[in-house]
Amino acid sequence: MAEETPWQQALRYANRANPYPFYTELRKTPVARQPDGTYVVSTYREILALLHDPRVSSDVRRIRPGGSAAAGADQDDEAIKEVISLEPNIITSDPPEHDRDRRLLTRHFYGPQDSPHRICDLEPEIRRIVAGLLDEMRGKTRIDAVDEFAYPLPVTVISKILGVPLEDEPHFHAWIETALNALDFGPEAGSPEIQRQLEQGRRSVEDFEKFMAALIERYAEQPGTGMLSAVVHDDGREGRMSEGVLVSNALLLLFAGHETTVNLIAHSVLTLLRHPDALEKLRRRPELIVPGVEELLRFESSVQFWHTRSAVEDIEIAGTTIPKGSPIFLVYGSGNRDPDRFDNPDELDLERPDNQHLGFSQGIHYCFGAPLARLEVQIAVSEFVRRVENPRLVADPPPYRHNQIFRGPRHVLVDIDGVRD
Amino acid sequence: MTLSATLAELVRDFKANGRIVVVGASLAGLRAAETLRGEGFAGSLTIIGDEPYEPYDRPPLSKQVLKGWVPADHTQLPRFRELDADWRLGVAATGLDRATRQVRLADGEQVPFDRLLIATGTRARQWPNPAEAALDGVFSLRSRDDAARLRQALADGPSRVLVIGAGFIGSEVASICRDLDIPVTVAERGPAPLVGALGGVIGEIAAQMQRDHGVDLRCGVGVLSLEGDAGGHVRRARLSDGTTIEADVVLASLGSIRNVEWLEGAGLAAGFWGVGCDAGGRAFDINGVATDTIYVAGDVARAPHVLYEYQFLAMEHWDNAVFGAEVAAHNMVSLEPDYYPHLLLPGFWSGQFGVNIKSVGVPPFGDEIVFMQGSVEERRFAAAYGRNGRIVAAVTFDHGKWLEYYARLIEQSAPFPPPPPGWDRPDVMMPIPAQFPEPGVPTAVPDVVLTGHDPNERRAEFRPRSR
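For clarity, every value in this text was computed on a predicted model and none was experimentally measured.

Draft legend 1. Region of interest: the overall build of chain B. When you go through chain B residue by residue, the secondary structure sums to nine helices and 31 strands. The globule rule puts the C-alpha radius of gyration for 467 residues at 23 Å, and the 23 Å found for chain B is close to it. With 467 residues in all, chain B has 42% of them scored as buried. Contacts in chain B between residues far apart in sequence, at least 24 positions, make up 63% of those at least 6 positions apart.

The following block contains the structure:
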């Protein structure tokens, strides 16, 4: 068996807690062709260039892997197609459809153009939820910062925004978890265990899709509160969104609207507990939470890479030609640690100047929910820092979730002395 | 002591004890002052501005302020550091004596300097007939006070606004009028709006956009005169096509004039074109020799640009003020080989009629244009400008996120037309003439004459202007 590339090693589950040494290796070849014909881009400037290059498609249907692809390649593509069997949503489509759909969703997520206040108006409610979660920790000496803190906030908020009943959370939580476990881009993808999970993952996505289609159907008949109902009934200037596309976007918004935020809150707690100086600084100067969250986004990016892009034409970049049809993986997590862009990239600096990280990507696929994520994480992390007394990590590194793209700890156990008012 | 050690000591001493004067208290002046402090300059720092206000941001004046979203006095620029500067606001600089290194102020005071930054910017060209310009209801738009006055006039619900000149300011104001449901006529001498900046092809799109929003757009006509009522308030305008427009608010948006009069006699390469300087911001004297003590930044600066055949360009854009000021400030407290060049790819933006217009490069440098992405019909597109087979600029309508791609192509002098995108291609992707007007014949060019014969006597002089 050929030696594994740095990229393949970075993807191994054993390296989930710390893929960064492999990223350092990877960046020695900014645009690195993998045995399966995928081009992995790991340096900041090259990622940025491709994010703005109109010869790059985000539409998974346009991937045409080269003929030289290794045996594993078909399997992986199969996995992508099977797990993401849906109609295109705004992260897997190109202009002009992407632009039209994103405009429509933006209007309902943020509010109309002349009063885009819907998200910032959520601040009091987010504060209430965070306060409630911290109150619950009173009297405990050990907490799980994931299950008891990072997870409940975003899932509650996004469900409410969309109009997805919170009673259904146990279902969709399980579907998402199963689907995420099945999506593997690394050398372990062919293992019997992942293959088994792939089958479950497919079923979960189907169930999730059926659930969402039924919910949207209900809203079509009986309008309700929340964004989904509003979109169903929006004939818009540019026409109504088809049901399939709406279902696909609704799944994306519900899933991406909390999973990434969960990981960011969890990573923020973990990272601050690993950096007592930064934690102390944030305690003394709470206003640093604003640049601080940007640094945490850079330091532990919630989306490590994205996998649906491909070259529509031959693209020359960094001395390499990416042939037409080749899949392109842009590794945000590596670009954010690129020493050619960020001084001392492996150091946490809550006041880092000129911190234009890739944690929310850039270009037209820039994170749709970034303002919501910022608001949630700023409030959650600053309140955690303010109220939780003497927090100590129980295990370092903590156990990680399987998924490589949506990288985050499964649990972050923390011993605490109490919770202030 | 070695020479380099001596020079290093010089720089240290200057940073500790030097005197720097910044003339111009707007965006460029402020950012230059902040950079000076950031570079460790601890000497005395004086900032002179003719307006009584602390530095404020101008782009919102023709947009959010006029619309009534933001009061004119809520446009103050954010401060990035403590300046510990001597602010001389509300008093204009009226002269520069390079021999004694002093700036003369309107109140008669003389401010001495070791290094001077000229950041006096531009002002709005006024309606040329002073009596008509003095009528109530006749406005120009450049300063905070201008914006506050025009905002008040729009809020009073005029029966019709006449905008003279359809450049960016004129077009933005017309757009605001329509937002506020105020009838508006735009009179433009050229064939379409924005033609000088973006050419006739884009101008035609801008014209259609204005008409779709209910602007009474009249191109190819000039305004001959303005007439007032007995109370001295403007009532109507006579146009060169023989028609008359009844309007009680008139905006003269006739472009800008560079604030260089105060430099008369200073022996600098200063004139209607601005203040000539090298790409490091060092001002040229009248002979075209770089000075070591006087620097220029912002709208008033004119420097050779490597990407545009080293032609001298004045870039009257927001980011040029910021980055040009940072480079000039750095160089003011540095010596060779530590000078920075100001190698900005120019760029600007505008918001009008619900469309975000952005551009990079120098569109008028191009002679061809090709639509690259999107749809002209929907007014969402990216277009590239080319010259001699190279891409030199790009413009986007509601497609700003793609501009960075074109900026990289321009920086690399990539071929024109660029390779087509992978999706969302316009129906027609053929380069066509961009239709820029011929450069106009400049007015009031000061004649330069050469005198002297020996190298140490050979000099340029401005021939005295007739007044």
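That was the structure; now back to the text.
Draft legend 2. Up close: helix α8 (residues 318–332) of chain B. All names here are of chain B. The end-to-end C-alpha distance of α8 is 21 Å, a good match for the 21 Å that 15 residues give at a rise of 1.5 Å each. With respect to burial, α8 is a largely interior element, eleven of its 15 residues being buried. Along α8, the residues classified as buried are N320, A321, G324, A325, E326, V327, A328, A329, H330, N331 and M332. The inward-facing, buried residues of α8 abut β1 (19–23), α2 (27–38), β7 (115–118), β20 (282–284), β21 (290–296) and β22 (301–305).

Draft legend 3. Seen up close, the sheet that holds β1(B). Residue and element names in this part refer to chain B. Ordered in space as β3-β2-β1-β7-β21-β20, the six strands form an open sheet in which the pairing is mixed. Since the sheet does not close on itself, it has two edges, and those belong to β3 (86–89) and β20, each with one partner. The sheet shows a mean angle of 30 degrees between the axes of neighbouring strands, taken without regard to direction. Taken strand by strand, α2 contacts β1, β2 (44–49) and β7, and its axis lies near 175 degrees from that of β2. Packed onto the sheet, α8 meets β1, β7, β20 and β21 and runs at close to 140 degrees relative to β21.

Draft legend 4. Up close: the domain arrangement of chain B. What the domain assignment lists for chain B is domain 1 (3–63 + 73–123 + 257–332), domain 2 (130–254) and domain 3 (354–433). Just the C-alpha atoms count here: the centres of domain 1 of chain B and domain 3 of chain B sit 34 Å apart.

Draft legend 5. A look at the environment of A414(B). Residues and elements named next belong to chain B. Among the structural elements, A414 can be located in the loop between α9 (403–411) and β29 (432–433). A414 sits in the partly exposed class, given 17 other C-beta atoms within 10 Å. For the pair A414 and I391, spaced 23 residues apart in the sequence, the C-alpha separation amounts to 5.9 Å. Excluding its chain neighbours within four sequence positions, the residues that come into contact with A414 are I391 and L409.

Draft legend 6. Broad picture of the interface of chain B and chain A. Each partner contributes residues to the interface: chain B has eleven residues there, and chain A has 14 residues. The dominant element in the side of chain B that touches chain A, judged by the number of residues it contributes, is α9(B), at three residues.

Draft legend 7. Focus on the environment of Y110(A). Residue and element names in this part refer to chain A. Secondary-structure assignment places Y110 in helix α5 (residues 97–110). Remark: the alpha-carbon pair of Y110 and E300, spanning 190 residues in sequence, is separated by 27 Å. Setting aside residues up to four positions removed in sequence, Y110 forms contacts with P116, R118 and I119.

Draft legend 8. Inspection of the pairing of strand β28 (residues 390–397) of chain B at higher detail. Residues and elements named next belong to chain B. When you tally the buried positions in β28, you get seven out of eight residues, the bulk of the element. Pairing analysis gives seven bridges linking strand β27 (residues 380–387) to β28, with the strands arranged antiparallel. Within the sheet, the bridge partner assigned to F381 lies in β28 and is F397. Hairpin connection between β27 and β28: a loop of two residues separates the two successive antiparallel strands, and N388 in this loop has a positive phi of roughly 50 degrees.

Draft legend 9. Molecular detail of the nonpolar core. If you look at the biggest cluster of nonpolar residues, it comprises 81 residues, and the most contacted ones within it are A145(A), L162(A), A250(A), I265(A) and A266(A). With 14 residues, helix α12 (residues 243–274) of chain A is the single largest residue contributor to this core. Among all residues touching A250(A), those that are not within four sequence positions of it are L162(A), M212(A), I216(A) and L228(A). V184(B), V360(B), Y406(B) and F436(B) belong to the second largest nonpolar core, which has 79 residues in total.

Draft legend 10. Molecular detail of the packing of helix α10 (residues 192–221) of chain A against α12(A). All names here are of chain A. Where α10 contacts α12, the two axes come as close as 9 Å, and the packing angle between them is 115 degrees. Relative to α12, the crossing made by α10 is right-handed. The residues of α12 that touch α10, namely those facing F208, E209, M212, A213 and I216, are E243, L246, V247, A250 and L251. A per-class count over the contact of α10 with α12 returns eight nonpolar, no polar and two charged.

Rules used in this analysis
Residues numbered from 1 in each chain as written. Chains lettered and ligands numbered in written order. Predicted model: local features only at pLDDT ≥ 70, side-chain atom pairs only at ≥ 80, totals over all residues. Helix = DSSP H or I, 4+ residues; strand = E, 2+ residues; numbered from the N terminus. Rg over C-alpha atoms; globule rule 2.2 N^0.38 Å. Buried ≥ 20, exposed ≤ 12 C-beta atoms within 10 Å, placed from the backbone. Contact = placed C-beta atoms within 7 Å. Expected span 1.5 Å × (residues − 1). Pairing = 2+ DSSP bridges. Axes fitted to C-alpha atoms, helices over the stretch in contact; angles between N-to-C directions. Domains from an automatic or database assignment. Core = buried A, V, L, I, M, F, W, Y, C linked by C-beta atoms within 7 Å. Left-handed = near helix turned anticlockwise from the far one by under 90°. Nonpolar A, V, L, I, M, F, W, Y, C, P; charged D, E, K, R; others polar.

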